[in-house]
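Descriptive analysis of the structure
Given next are the chains, with one letter for each unit.
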Amino acid sequence: MKKKVVFLIRDLNYGGAQRQLVTLVKALHQEDCFDVTVLHFYGGGSLLKDMIDRGIPTISLEKQERWDVLGFFGRLFGHLKRIQPDVLHGYLGESNIVTMFLKPLFPSTRIIWGIRGSNTPSDRYGWLGSILSQLERLLSSFTDLIVVNSHTGKADYVNQGFASDKMVVISNGIDTERFGPDSEAGAKVRSEWGISPNTILIGLVGRLNCMKDHPTFVNAAALLSKEREDVRFVCVGVGDENYAKKLYQLTDDLGIAEKIIWAGGRSDMPAVFNALNIACSSSSDGEGFPNVVGEAMACGVPCVVTDVGDSAWIVGDKGVVVPPKNPEALKTAINELIDKTNLDDYNPQEIRQHIVEQFSVRKLVLKTKAALLGESYV
């Protein structure tokens, strides 16, 4: 008999955790041993259509706003009562906490938490975020299993007091069928941005959020632009408008506004990665397993990353790692990587193969399948 598995997540907007959930659910949907349903707090979301097109049951709990609590729980309880899941898998903090309030009502349902990120400052999301983080920590010992997507994240949460004996690390899976070398698609994006074939394009892909530390990337771009004429830079992603305005002002102040493209959100990410000569992750904190690093590498693009989360482990010897919040170090690493790439020290096929072998969706599915079934995992 198939196991009924319900994933619970806040929304299905275009974010790293949400994209990883969709990747996982689509793969689990193909497994004969699971009936998978996704419940999301808020309706809509850019990733919803993909699951509907695959025939995956996806239900909005129609939460209206933050304090819509009683109605939300009533709708959630009703759906779970009808489904009677064998496993309820929370995805991120709010969802994890909600599962604990449901545990007494569904005593035979196995409760699993999904935790992402690492070393996020306690005040990053305000007073409510701080309270929820403490509540999540206190409730962690009552869950049946906690899945963490990075080794750095596990160490951080154990240090915070989470139940270490409940925690397992299952790294993200990169869809290497979708993300792969495609020079033609990359050339089209470069043409759209007005980037010549001889120009070295260096990109940062990530939402406009302070944890991504765009200012370090922008300052490194300014330093590198003083040394080289053949470089351009692009930032892909959307986010906080006030943060974005500060970044635009910073590029003006540094005199490199014409050197940086602010591309906004894009749905053609494989083509975007293929347009780059080098991909950067300049995050200062909060990362667990940054998908964009694995996706860029799956396209054969070498990466320069800050030593945050599992970034260094992901790139291995196929990229360069620098300390966070250090524009000079980031500039130097990019410059060195340009020279090494020109000397063919970094082979695109080897960079891609590293991701195919270490971080495949199949590995993600096998380990998650074992976790859902309560079996040992590798």
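Residues numbered from 1 in each chain as written. Predicted model: local features only at pLDDT ≥ 70, side-chain atom pairs only at ≥ 80, totals over all residues. Heavy atoms only, no water.

Considering the packing of aromatic side chains
Here is the rule: In this scheme Phe, Tyr and Trp rings, the latter by its six-membered ring, pair at centre separations within 6.5 Å, and the angle between planes marks the pair as stacked below 30 degrees, edge-to-face above 60, and tilted otherwise. Only DSSP runs of H or I with at least four residues qualify as helices, and only runs of E with at least two residues qualify as strands; both kinds are numbered from the N terminus onward. Accessibility here uses a 1.4 Å probe with only protein chains present; expressed as a share of the type maximum, an area under 20% marks a residue as buried, one over 50% as exposed, and anything in between as partly exposed. Each ring is checked for a lysine NZ or an arginine CZ that lies within 6 Å of its centre and within 35 degrees of its normal; such an atom marks a charge sitting over the ring.
Scanning the model with the defined rule gives 11 aromatic pairs in all. Geometrically, the ring pair formed by Phe77 and Phe106 is tilted, given 5.6 Å between the ring centres and 50° between the ring planes. A residue pair is termed long-range when its members are at least 10 positions apart, and Phe77 in helix H3 (residues 70–83) and Phe106 in the loop between helix H4 (93–102) and strand S5 (110–115) qualify at 29 residues. The class of Phe106 is buried, set by a relative accessible area of 6%. Through pairs of rings, three or more aromatic residues link up here, namely Phe41, Phe72, Phe73 and Phe101. Taking the ring centre of Phe72 as reference, the NZ or CZ of Lys63 above it sits at 5.7 Å.

Things to note about the sheet that holds strand S1 (residues 3–9)
Applied cut-off: By definition, two strands form a pair when at least two bridges between them are found by DSSP. Fitted lines through C-alpha atoms give the axes, limited to the stretch in contact for helices. The angle between two N-to-C directions lies from 0 to 180 degrees. We call two residues contacting when some pair of their heavy atoms lies within 4.5 Å.
If you walk across this open sheet you meet the 7 strands as S3-S2-S1-S4-S5-S6-S7, and the pairing is parallel. Bordering the open sheet on either side are strand S3 (58–60) and strand S7 (167–169), each of which pairs with just one other strand. Here the strands of the sheet are splayed against their neighbours by 25° on average, with no regard to which way each runs. Across the face of the sheet, helix H1 (residues 16–28) comes into contact with S1, strand S2 (34–40) and strand S4 (87–91) while running at roughly 165° to S1.

Topic: the packing of helix H8 (residues 214–227) against helix H9 (residues 241–254)
Under the convention used in this document: Any angle from 65 to 115 degrees is called roughly perpendicular, while one under 35 is roughly parallel, one over 145 is roughly antiparallel, and all others are oblique. Here a crossing is taken to be left-handed if its near helix is turned anticlockwise relative to the far helix by less than a right angle, and right-handed if that turn runs clockwise. Residues are grouped as follows: Ala, Val, Leu, Ile, Met, Phe, Trp, Tyr, Cys and Pro are nonpolar; Asp, Glu, Lys and Arg are charged; every other residue, Gly included, is polar.
Two numbers describe how H8 lies on H9: the axes approach to 10 Å, and their chain directions differ by 15°. By the criterion of interaxial angle, the relationship of H8 to H9 is roughly parallel. Taken as a pair, H8 and H9 cross one another with a handedness that is right-handed. Counting all contacts with H8, which are made through His214, Pro215, Val218, Asn219 and Ala222, the residues of H9 involved are Tyr243, Leu247, Leu250, Thr251 and Leu254. Considering only residue class, the contact of H8 with H9 consists of 7 nonpolar, 3 polar and no charged.

Points about the environment of Pro270
Mapped onto the secondary structure, Pro270 falls in helix H10 (residues 269–275). Relative accessible area serves as the criterion here: at 15%, Pro270 is assigned to the buried category. Measuring from C-alpha to C-alpha, the distance between Pro270 and Gly206 comes to 14 Å, with 64 residues separating the pair along the chain. Once you skip the residues sitting within four places of it in the chain, Pro270 turns out to touch Arg178, Phe179 and Cys299.

Things to note about the pattern of salt bridges
This is how it is decided: Counted as salt bridges are all cases of a side-chain nitrogen of Lys or Arg within 4 Å of a carboxyl oxygen of Asp or Glu.
In the structure shown here, the tally under the stated rule is 20 salt bridges. Here Lys49 and Asp53 are joined by a salt bridge, their closest N and O atoms 2.7 Å apart. Of this pair, Lys49 and Asp53 both sit in helix H2 (residues 48–53), 4 residues apart, which is roughly one turn of that helix. In this pair, the class of Lys49 matches that of Asp53, namely exposed. The partner of Lys318 in a salt bridge is Asp317, and the shortest N-O contact between them spans 3.8 Å. Several salt bridges converge on common partners, so that one network encompasses Arg10, Asp11 and Glu94.

Comments concerning the nonpolar core
What counts, and what does not: In this text, buried Ala, Val, Leu, Ile, Met, Phe, Trp, Tyr and Cys residues form a nonpolar core when linked through side-chain atoms within 4.5 Å.
With 59 residues, the main nonpolar core has Trp193, Ile202, Phe273, Val304 and Ile334 as its most contacted residues. Excluding residues that lie within four positions of it along the chain, Ile334 makes contacts with Ile202, Leu224, Ile278, Cys280 and Val304. With 29 residues, the next largest nonpolar core counts Val25, Val36, Met51 and Leu372 among its residues.

Topic: the pairing of strand S10 (residues 260–264)
Keep this limit in mind: Here, the term right-handed applies to a crossover whose path from the first strand over the helix to the second runs clockwise when the strands point away from the viewer.
Judged from the 4 bridges that link them, strand S9 (residues 231–236) and S10 form a sheet pairing that is parallel. Residue pairing for S10: Val234 is matched across the bridge by Ile261. A crossover links S9 with its parallel partner S10, the connecting element being H9, and its sense is right-handed.

A look at helix H15 (residues 361–373)
What counts is decided by this rule: Expected helix span is taken as 1.5 Å per residue step, with the number of steps being one fewer than the number of residues.
With 13 residues, H15 should reach 18 Å at 1.5 Å per residue; the first-to-last C-alpha distance of 18 Å fits that figure. Those residues of H15 that sit buried are Val361, Leu364, Val365, Thr368, Ala370, Ala371 and Leu372. Of the surrounding secondary structure, the elements contacted by the buried residues of H15 are S1, H1, S2, S4, S5 and strand S6 (145–148). Just downstream of H15 lies Gly374, where phi reads positive at about 75°.

A short note on the side chain of Ser281
For Ser281, the location among the structural elements is in strand S11 (residues 278–281). Using a relative accessible area of 5% as the deciding quantity, one classes Ser281 as buried. Residues within four places of Ser281 in sequence aside, it is in contact with Val293, Val304, Val305 and Thr306.

Observations concerning the state of the cysteines
Stated formally: The disulfide criterion is simple: two cysteine sulfur atoms within 2.5 Å.
Across all of its chains, the model carries 0 disulfides by this definition. Unpaired in terms of disulfides, Cys210 finds its nearest cysteine sulfur in Cys235, a separation of 15 Å. Here Cys299 is not disulfide-linked; the sulfur of Cys303 is the nearest cysteine sulfur, at 9.8 Å.

Notes on a nonpolar patch on the surface
The cut-off we apply is this: Residues form patches when they are more than 30% accessible in relative terms and have no salt bridge. Like charges link within 9 Å. Nonpolar side chains (Val, Leu, Ile, Met, Phe, Trp, Tyr) link within 5 Å. Computed by Shrake-Rupley with a 1.4 Å probe, the accessible areas treat only the displayed protein chains as cover when residues are assessed.
The grouping of Trp67, Val69, Trp127 and Ile131 at the surface amounts to a nonpolar patch, some 480 Å² of accessible area in total. Within the fold, Trp67 resides in the loop between S3 and H3. When its relative accessible area of 58% is taken as the criterion, Trp67 is described as exposed.

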